[in-house]
Amino acid sequence: MNEFLSDVATLRKNARAHIDGGAITDAYGADRERVIGVLNEALATELVCVLRYKRHYYMADGLSSGPVAAEFLQHATEEQGHADVLAARIIQLHGEPDFNPATLVQRSHAEYVPGNDLRDMIREDLVAERVAIASYQEIIRWLDDADPTTRRVLETILAVEEEHAEDLLTLLKTHGP
Ligand SMILES: [Fe+2]
Ligand SMILES: [Fe+2]
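Reference entry: report on the structure contained in this document. (Residues numbered from 1 in each chain as written. Chains lettered and ligands numbered in written order. Predicted model: local features only at pLDDT ≥ 70, side-chain atom pairs only at ≥ 80, totals over all residues. Heavy atoms only, no water.)

### Some thoughts on the coordination of the iron ion (ligand 2)
Around the iron ion (ligand 2), the protein contributes the donor atoms Glu79 (OE), Glu129 (OE), Glu129 (OE), Glu161 (OE) and His164 (ND1), at 2.0 to 2.3 Å from the metal centre. Sequence spacing of the donor residues for the iron ion (ligand 2), all on one chain, is E-x49-E-x31-E-x2-H. Glu161 sits in the buried class, given a relative accessible area of 1%. (Donors = N, O, S within 2.8 Å, 3.2 Å for Na, K, Ca; no water. Buried < 20%, exposed > 50% of the residue type's maximum accessible area, 1.4 Å probe, protein only.)

Following this line, the structure appears as structure tokens:
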């Protein structure tokens, strides 16, 4: 095992010197502004996904597609939860979460596709989940060990997006040609 990297006196001195940094200490190893920017893109993606799933939920409900509608609603709720977690992490990094609806869809990685029928909606949601999965994986690899807390937040979200994608694939197999 390696020697512990800092002597305790230096650790204490640095912690006391920049107290207005809050959770951000000298040990923060990432480009904070860039991380906030990337988290805002992820936030936009989650918010667009909430809106798309909400539309799909109400449309599917209108088509009396009970189980599919329920799945869409559950995903909408979970994407909203992801958006909240990302916004909270942006604040913790001393940034500002961007909820501006005027630029939401341009800043999102995933698209807002209304979908014409049930199969269409399921397929588009699966595509959006695959976009989210690929982009979260890329961000996680980019962060590496520079910001372990943000990485853990994203890893937790990624696991849920993978569940979403598998749920949708199952629905796609049972709804369509
Ligand atoms: Fe999500
Ligand atoms: Fe998802």
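### Let's talk about the pattern of salt bridges
According to the stated counting rule, one finds 6 salt bridges in the structure shown. The closest approach of N and O atoms between Asp147 and Arg89, which form a salt bridge, is 3.1 Å. Of this pair, Asp147 sits in the loop between α5 (118-143) and α6 (148-174) while Arg89 sits in helix α3 (residues 66-92), and the two are 58 residues apart along the sequence. With relative accessibility at 2%, the residue Asp147 sits in the buried group. Under the relative-accessibility criterion, Arg89 is labelled buried at 8%. One salt bridge connects Arg123 with Asp120, and the closest N-O pair in it is separated by 3.1 Å. (Salt bridge = Lys/Arg side-chain N within 4 Å of Asp/Glu carboxyl O. Helix = DSSP H or I, 4+ residues; strand = E, 2+ residues; numbered from the N terminus.)

### Concerning the nonpolar core
Taken as a class, soluble globular proteins show a tendency for nonpolar side chains to be buried jointly. In this structure, Phe72, Ile122, Tyr136 and Leu154 are the most contacted members of the largest nonpolar core, which totals 41 residues. At the level of secondary structure, the elements contributing two or more residues to this core comprise α2 (32-62), α3, α5 and α6. Top contributing element to this core by residue count: α2, with 12 residues. In contact with Leu154, other than residues within four places in its own chain, are Leu39, Leu86, Tyr136, Ile139, Ile140 and Leu143. (Core = buried A, V, L, I, M, F, W, Y, C linked by side-chain atoms within 4.5 Å. Contact = heavy atoms within 4.5 Å.)

### Things to note about α2
In a regular helix each residue adds 1.5 Å, so 31 residues correspond to 45 Å; α2 covers 45 Å between its end C-alpha atoms and thus fits that length. Just past α2, the residue Ser64 takes up positive phi, approximately 55°. (Expected span 1.5 Å × (residues − 1).)

### A word on a nonpolar patch on the surface
Side chains of Leu51, Val105 and Tyr112 sit close together on the surface and give an oily, nonpolar patch of about 260 Å² of accessible area. With respect to the helices, strands and loops of the structure, Val105 is situated in helix α4 (residues 104-107). (Patch = residues over 30% accessible without salt bridge, like charges linked within 9 Å, V, L, I, M, F, W, Y side chains within 5 Å. Areas by Shrake-Rupley, 256 points an atom, 1.4 Å probe, with all protein chains shown as cover.)

### Describing the coordination of the iron ion (ligand 1)
Within the protein, the iron ion (ligand 1) binds to Glu46 (OE), Glu46 (OE), Glu79 (OE), His82 (ND1) and Glu161 (OE); these donor distances fall in the range 1.9 to 2.5 Å. Counting residues between consecutive donors of the iron ion (ligand 1) along the chain gives the motif E-x32-E-x2-H-x78-E. The metal-metal distance between the iron ion (ligand 1) and the iron ion (ligand 2) is 4.0 Å, with Glu79 serving as a donor to both. With a gap of 79 residues between them, His82 in helix α3 and Glu161 in helix α6 connect regions that are remote in the sequence. Among the residues examined, His82 registers a relative accessible area of 8% and is labelled buried.

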